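Analysis of the macromolecular model
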Amino acid sequence: MPPFEIENVNSLKQWEGREFPATDWFVITRDRIQKFADATEDRQWIHLDPERAEHESPFGGTIAHGFLTLSLLSYFLKQAIQIRSGVAMTINYGLNRVRFPSAVHAGSPVRARVTLLSAKASSEFVDAAFLIHVESQSSSKPCCVAEWLVRYYPQ
């Protein structure tokens, strides 16, 4: 599904409270989990050892790192909304709250539901707070719920 289009950064405020259409599904492969483990030095067996994870973990197989799921927020936000004009630069300003209610099994498709909580303009930038629910096809509970702060610098 194409992203929801917003005319410009200054019109972001009119969409406060809006949940945008869900993103397309994105598969978190074992290869991606391995690369994330290599990049972060987090090589815990629940992520990388399929045989052990099948027999010893409560998840019945390998799972993605919670931080891998969290790191996909910028990808999902771009899939959910597109601000057509007026943005020179976008930065990750931080997170207010993050939870991982369920695990993402290796090979599972995930997608996001994005809601704009607030947009506050100043003379130099626009701060937006998004509530993002990442859901997996393998669980009825979301696998990540995050309140993410994004700062937009206008052109």
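Predicted, not measured: the structure shown is a model, and the values here were computed from it.

Cut-offs and rules
- Residues numbered from 1 in each chain as written.
- Predicted model: local features only at pLDDT ≥ 70, side-chain atom pairs only at ≥ 80, totals over all residues.
- Heavy atoms only, no water.
- Pairing = 2+ DSSP bridges.
- Helix = DSSP H or I, 4+ residues; strand = E, 2+ residues; numbered from the N terminus.
- Contact = heavy atoms within 4.5 Å.
- Axes fitted to C-alpha atoms, helices over the stretch in contact; angles between N-to-C directions.
- Buried < 20%, exposed > 50% of the residue type's maximum accessible area, 1.4 Å probe, protein only.
- Polar contact = N/O pair within 3.5 Å; in protein donor to acceptor, adjacent residues only side chain to side chain.

Digging into the sheet that holds strand β4 (residues 87–99)
The 5 strands are arranged β2-β5-β6-β7-β4 in an open sheet whose pairing can be described as antiparallel. In this open sheet, the two strands that pair with only one neighbour each are β2 (26–27) and β4. As judged from the 10 bridges shared by β4 and strand β7 (residues 142–154), these two strands associate in the antiparallel manner. Opposite G94, over in β7, you have L149 as the bridge partner. Strands in contact with helix α5 (residues 73–80) are β2, β4, β5 (109–121), β6 (126–136) and β7; relative to β7, the strand with the most contacts, it is inclined by about 70 degrees.

Things to note about the environment of G107
Secondary-structure assignment places G107 in the loop between β4 and β5. Residue class for G107 comes out partly exposed when judged on its relative accessible area of 42%. Not counting residues up to four positions away in its chain, the partners in contact with G107 are V27, I28 and T29.

Some points on the side chain of S102
Among the secondary structure elements, S102 is positioned in the loop between β4 and β5. On the basis of relative accessible area, S102 is assigned to the buried category, the value being 14%. Side-chain polar atoms of S102 contact the side chain of S139, separated by 3.3 Å. When sequence neighbours within four positions are dropped, the list of residues in contact with S102 reads S139, K141, P142 and C143.

Quick notes on the environment of G17
Turning to its location among the elements, G17 is positioned in the loop between β1 (4–8) and β2. Judged by its relative accessible area of 59%, G17 is exposed. Separated by 113 residues in sequence, G17 and F130 place their C-alpha atoms 9.4 Å apart. Discounting residues that sit within four places of it in the chain, G17 has contacts with T115, L116 and L117.

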